[in-house]
Amino acid sequence: MDGQLLAWWMLAIVGSLSAVMMVLSRNPVHSVLYLVANFLTLVGIYFLLSAPMMAVVQFVVYAGAIMILFLFVVMFFMSPEARRWLRPEIKSQWVFGTLLTVMLLTVVYIALSTAGRVADPDIVMGTPTIATSDRTADPRQELGHPAGLGTRMFSYHALPFEIAGLLLLAALLGAVLVARDERSEGRTHLVHEFEKAEEGVAEEVRA
Amino acid sequence: MAEIFTPEIVNLLVRGGLLIFVLLTTFAYLTYTERRVLSFFQWRLGPNRVGPLGLLQPLADGVKTALKQEMVPRKADKVLYFLAPTLTLSASFTTFALIPVGERVQMSSVPVAILFFLGLSSMAAYGLILAGWSSQSKYPFLGSLRTCAQVISYELALGLCLLVPILITGSLNINDFGNMYRAENWNWIYLIVLLPTTVLFLISSLAETGRTPFDLPECEAEIVAGYHTEYSSMKYAMFPMGEYIAMVAMSAMVVHMLLGGYHLDLGFVDLTYWAGDWKLGPPESWGWGAYGDALSLTAHGFATTMTFIVKLCALIFTFMWIRATFPRLRYDQLMRFGWKWLLPATLVLIFVTAALVGYFGPVHGTGADTAAQAAMEVTLNARH
């Protein structure tokens, strides 16, 4: 067994375990950390696929920035003394969960089988390999080099990129709208009234 | 099992061990230096009792910390409580594996090192946040919330500041930052953006490492000692350790960004090349072969490393100077400054840089000394 394969198996096992534990964990902070562990194993797998750029972006953006934000939000809503952790139960969540899993696996299978490399099971089981499409001569070069990635993203895929940006902006505005609590706005209004009243009292006292 | 210990692996392990040893010693003497320097700023003497000039103080401190009783809060989340200091420390140490400290003196040369640097700095922040949360106690929790908000706010500015030299050099390799001043097509006009960028980087790195004007995570007047209130003994010591190493790493980045990295190039003469490239290290007669490579260095590499260390010391002194000079910010001031001033300023700088690069063209840092590097390559290859 060569080192790469060994590393892949280790990463795959730890990654799957942390993903499962993320779902099963009753403590939201633990869930966040299991997700971080999962992302870190993904970083390793990207490196094995000789896509260092992808790996590093996964490391900085997901494992670093986004998950810290997650942790912050989760911690904001959970006092350290809380004894009872989150137990979200959606009606018939097992049914929907299974259905979604089956759908996802189908999509993954179709994607892999149409990419051409999955046909030979030895390749899939033997060495971890990226499903390469025939269109690009050397996809590793493009994945690995920031310059190639950037050129491709901002020239060939400029429109999807901009649309994704717009979508994020819309989500941001939506979040602001949801977070804008009307009660608190009323409260600031009340505060103004209160200040006015106080001023009135002060004037009366002065008079 | 024998083929596992190939010269490459052994050399990597030896170099890693050396790096950790050097960093730990650096930490020990940084605490001493900081106390002394702050004392001189405040017209005091500082620790001068243990050994000549108090130079053995770090040793005494270390022994004292290690022998302290260790207390763990009963309600603490045990696993995370133990994990948090380790995470902070190991992330800070790993940062140094990426930073070149001399010409060809570097643990590993990752082509996308800058991004890794940013990622590792947020990994260190995880440790601080989890330390406060896992203690399951009020003040540490408040401290960790503060850390979290602060790190998220200032990390943005930190990353955007690094974008300026990245735009100028068109490279994500830290080596190229220091080399850009020596490039053939280097243009002094870039200093217009590099100078303010470095100042902003310095400010945001102060916030990122939680040093004085921004040390709200451990603001003793409000929240005892912040996230590490419930930590004692060596586990406590690991936090300042991580903090100091992170500070050194940030200073190293500034050296690469503005001070020309490890070069001592005056334009008409490059002083480090005078050292020549004869080998320092275990002699051939010892018969260590390729196993001795981790310990061997060319004289040129040694000279550049020394240059780098001198520049680094100057910057670390600046960090201490700032600590002695500025009072702590209030929390709302911190947030307002970070979001309403620092972030827009870095964005403006990036726009200006992009315009300059568009007009004058990017600087290719490795272009200038290709001849010298080729010579080095030849000597290196000849040795193997």
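Residues numbered from 1 in each chain as written. Chains lettered and ligands numbered in written order. Predicted model: local features only at pLDDT ≥ 70, side-chain atom pairs only at ≥ 80, totals over all residues.

Q: Give a detailed account of the overall build of chain B, specifying residues and quantitative values.
A: Summing up its helical and strand segments, chain B has 12 helices and two strands in all. Against the 2.2 N^0.38 benchmark of 21 Å for 384 residues, chain B shows a C-alpha radius of gyration of 22 Å, consistent with a compact globule. Expressed along its principal axes, the backbone C-alpha trace of chain B runs to roughly 60 × 55 × 50 Å. Residue burial in chain B is summarised as follows: out of 384 residues, 44% are buried. (Helix = DSSP H or I, 4+ residues; strand = E, 2+ residues; numbered from the N terminus. Rg over C-alpha atoms; globule rule 2.2 N^0.38 Å. Buried ≥ 20, exposed ≤ 12 C-beta atoms within 10 Å, placed from the backbone.)

Q: If you had to explain the overall build of chain A to someone new, which residues and values would you point to?
A: Helix and strand content of chain A: nine helices and zero strands. Helices and strands appear in chain A in the N-to-C order α-α-α-α-α-α-α-α-α. Across the 207 residues of chain A, 14% fall into the buried class. Considering only residue pairs separated by 6 or more positions, chain A has 51% of its internal contacts joining residues 24 or more positions apart. (Contact = placed C-beta atoms within 7 Å.)

Q: So, the nonpolar core: which residues are in play, and what are the values?
A: Note that soluble globular proteins tend to have their nonpolar side chains buried in a common cluster. With 114 residues, the main nonpolar core has B:I114, B:F116, B:I245, B:A249 and B:V254 as its most contacted residues. Each residue touching B:A249, except ones within four places of it in the same chain, is listed here: B:S92, B:T95, B:F96 and B:I99. (Core = buried A, V, L, I, M, F, W, Y, C linked by C-beta atoms within 7 Å.)

Q: Any details on the interface of chain A and chain B? Residues and values, ideally.
A: In this assembly, 17 residues from chain A lie in contact with 22 residues from chain B. If you tally residues by element for the side of chain A that touches chain B, the top one is helix α3 (residues 52-76) of chain A, at 13 residues. Residue classes in the side of chain A that touches chain B are distributed as 15 nonpolar, one polar and one charged. (Nonpolar A, V, L, I, M, F, W, Y, C, P; charged D, E, K, R; others polar.)

Q: Go over the packing of helix α1 (residues 3-24) of chain A against helix α2 (residues 28-48) of chain A with me, naming the residues and quoting the values.
A: All names here are of chain A. Following both chains from N to C, one finds α1 and α2 inclined at 155°, their axes separated by 8 Å at the closest point. In terms of orientation, α1 and α2 fall into the roughly antiparallel class. Note that α1 runs across α2; the crossing there is left-handed. Judged by residue contacts, Q4, A7, W8, L11, V14, G15, S18, A19, M21 and M22 of α1 engage S31, Y34, L35, A37, N38, T41, L42, G44, I45 and L48 from α2. Partitioned by chemical class, the residues of the contact of α1 with α2 number 13 nonpolar, seven polar and no charged. (Axes fitted to C-alpha atoms, helices over the stretch in contact; angles between N-to-C directions. Parallel < 35°, antiparallel > 145°, perpendicular 65-115°, else oblique. Left-handed = near helix turned anticlockwise from the far one by under 90°.)

Q: Can you break down the confidence of the model for chain A residue by residue, with the values?
A: Summary statistics for chain A give a mean pLDDT of 74 and a share of 65% for residues scoring 70 or more. Scored below 50 in pLDDT, residues 118-141 of chain A shows 21 contacts in the model against residues more than four places distant or in partner chains. (pLDDT = per-residue confidence, 0-100.)

Q: Talk me through the environment of A:T106; I want residue IDs and the actual numbers.
A: Residues and elements named next belong to chain A. The topology assignment puts T106 in helix α4 (residues 93-115). For T106, a count of 10 C-beta atoms within 10 Å translates into the label exposed. Separated by 83 residues in sequence, T106 and V23 place their C-alpha atoms 21 Å apart.

Q: Describe the packing of helix α9 (residues 233-257) of chain B against helix α10 (residues 299-325) of chain B, listing the residues and the values that go with them.
A: All names here are of chain B. Running from N to C, α9 and α10 point in directions that differ by 120°, and their axes come no closer than 9 Å. Every pair of crossing elements has a handedness; the one defined by α9 and α10 is right-handed. Side by side, α9 and α10 meet where M247, V248, S251, A252, V254 and V255 of the first sit next to F308, K311, L312, L315, I316 and F319 of the second. Of the residues contributing to the contact of α9 with α10, the split by class is 10 nonpolar, one polar and one charged.

Q: Explain unusual backbone geometry to me, and be specific about the residues and the numbers.
A: Residues and elements named next belong to chain B. Of note, the phi angle at W43 is positive, near 60°, even though the residue is not glycine. Assignment of secondary structure puts W43 in the loop between α1 (7-41) and α2 (57-67). Of the residues examined, W43 has 6 C-beta atoms within 10 Å and is grouped as exposed. You will see that L53, though not glycine, has its phi angle at about 60°, which is positive.

Q: Quick one: what's the story with the environment of B:V199, residue by residue and with numbers?
A: Residues and elements named next belong to chain B. Mapped onto the elements of the fold, V199 is located in helix α7 (residues 191-208). A tally of 14 C-beta atoms within 10 Å means that V199 is categorised as partly exposed. Separated by 55 residues in sequence, V199 and V254 place their C-alpha atoms 9.1 Å apart.

Q: Go over the environment of B:R328, please, and point to the residues and values.
A: All names here are of chain B. Along the chain, R328 falls in the loop between α10 and α11 (331-360). Among the residues examined, R328 registers 16 C-beta atoms within 10 Å and is labelled partly exposed. In this structure the C-alpha to C-alpha distance between R328 and P52, which are 276 residues apart in sequence, comes to 34 Å.

Q: Account for the confidence of the model for chain B, with residues named and values stated.
A: When pLDDT is averaged across chain B, the result is 81; 92% of the residues are at 70 or more. Interface scoring of the predicted complex returns ipTM 0.77; its pTM is 0.78.

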